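Summary of the model geometry
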Amino acid sequence: MAGRLNGKKALCTAAGQGIGRATALMMHAEGAEVLATDVNGAALEELAAAGLATAPLNVLDKDAVVAAVKGFQPDILFNCAGYVHAGDVLACTDDDWDFAFALNCRSMFWTMQAAIPGMLERGVGSIVNMSSAASSIIGAPNRFVYGATKAAVIGMTKQVAREYITKGVRANCICPGTVESPSLHDRLRATGDYEQAMKDFIARQPMGRIGTSEEIAALAVYLSSDESAFTTGQACVIDGGWSG
Ligand code: NAD
């Protein structure tokens, strides 16, 4: 079957649920050989049943990250792992800061550092990093350290793209607005008023709805495929017009 990712190997982090899961499944459907990873190995069982290769992987564990990436030698690296910290600058602790940067940024530094030598050898590679509209694109309330980490993801992505622009290795990042995912419901519940929080999220979306994981996955597949061969170093905003 002709797929847009035929013949390509794709490694996805945080593929156990939400955007990562939808993307791993869509990449598989498009013909890629996918290695779907997540710190929660149990969350990968359905993907394994659907025919994807799976492996537990904690992106905070450097040795494990390097072994997984070097062992698989991906042509496509989808760095989806990330955590949304709620809170403003006054509420952010040093531990919050360190954890957010370790999970949302340093993990991508490690996966890219492990993946790029093989990509350069083969002269082909597409890196897709998960940023957010809440970054250097737009300031969102209660997203101090989260916004800082996601802005850093844009900076890392642009730098890597520039470095290898003539070597066949591309890097782009995705900046979603609010997207339906299991952790979104956790964040809404954590506000203490789920219904009101959901209304507030929807109210800031000019389109009157939040996004779906499949809509973000479709962009990730496009950026991973040769259809986007002329695109690198971009922060691709997909936010229902939130920042427009
Ligand atoms: P989610 O938050 O529901 O799920 C996150 C997944 O990451 C889980 O499967 C979890 O087990 C995994 N994970 C957590 N810590 C990990 C670790 N140390 N190593 C490996 N995996 C780990 O998924 P989501 O909401 O789709 O978010 C995915 C990405 O998209 C994140 O980077 C997030 O910041 C970004 N994002 C999400 C939204 C949104 O509204 N949902 C908006 C913009 C950006």
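Above this text sits the structure in question.
Here we summarise the structure given alongside this text. This is a predicted model, so every value here is computed, not measured. (Residues numbered from 1 in each chain as written. Predicted model: local features only at pLDDT ≥ 70, side-chain atom pairs only at ≥ 80, totals over all residues. Heavy atoms only, no water.)

Attention now moves to a nonpolar patch on the surface. On the surface, Val-89, Leu-90, Trp-97 and Phe-144 cluster together into a nonpolar patch covering about 410 Å² of accessible area. If you trace the backbone, Phe-144 turns up in helix 5 (residues 144-163). (Patch = residues over 30% accessible without salt bridge, like charges linked within 9 Å, V, L, I, M, F, W, Y side chains within 5 Å. Areas by Shrake-Rupley, 256 points an atom, 1.4 Å probe, with all protein chains shown as cover. Salt bridge = Lys/Arg side-chain N within 4 Å of Asp/Glu carboxyl O. Helix = DSSP H or I, 4+ residues; strand = E, 2+ residues; numbered from the N terminus.)

Neighbouring the ligand are 29 residues; Gln-17, Asp-38, Val-179, Ser-181 and Ser-183 lie closest to it. Between the ligand and the protein, one listed contact pairs a nitrogen atom with a side-chain N or O atom of Asn-58 at 2.9 Å. One nitrogen or oxygen atom from the main chain of Val-179 is found 2.7 Å from an oxygen atom belonging to the ligand. Coverage of the ligand by the protein amounts to 90% of the 840 Å² it exposes when considered alone. With respect to the pocket detection grid, the ligand is positioned in the largest pocket. Sorting the residues of the shell around the ligand by element identifies helix 1 (18-29), helix 5 and helix 6 (182-190) as the ones contributing at least two each. Ranked by the residues each element gives to the shell around the ligand, the list is headed by helix 6, at 3 residues. A class-by-class count of the residues in the shell around the ligand yields 14 nonpolar, 12 polar and 3 charged. (Near = heavy atom within 4 Å. Polar contact = N/O pair within 3.5 Å; in protein donor to acceptor, adjacent residues only side chain to side chain. 1 Å grid on protein atoms, 1.4 Å probe; cavity = no way out; pocket = protein on both sides within 12 Å on 5 of 7 lines; lining within 4 Å. Sits in = over half its atoms within 2 Å of the grid points. Nonpolar A, V, L, I, M, F, W, Y, C, P; charged D, E, K, R; others polar.)

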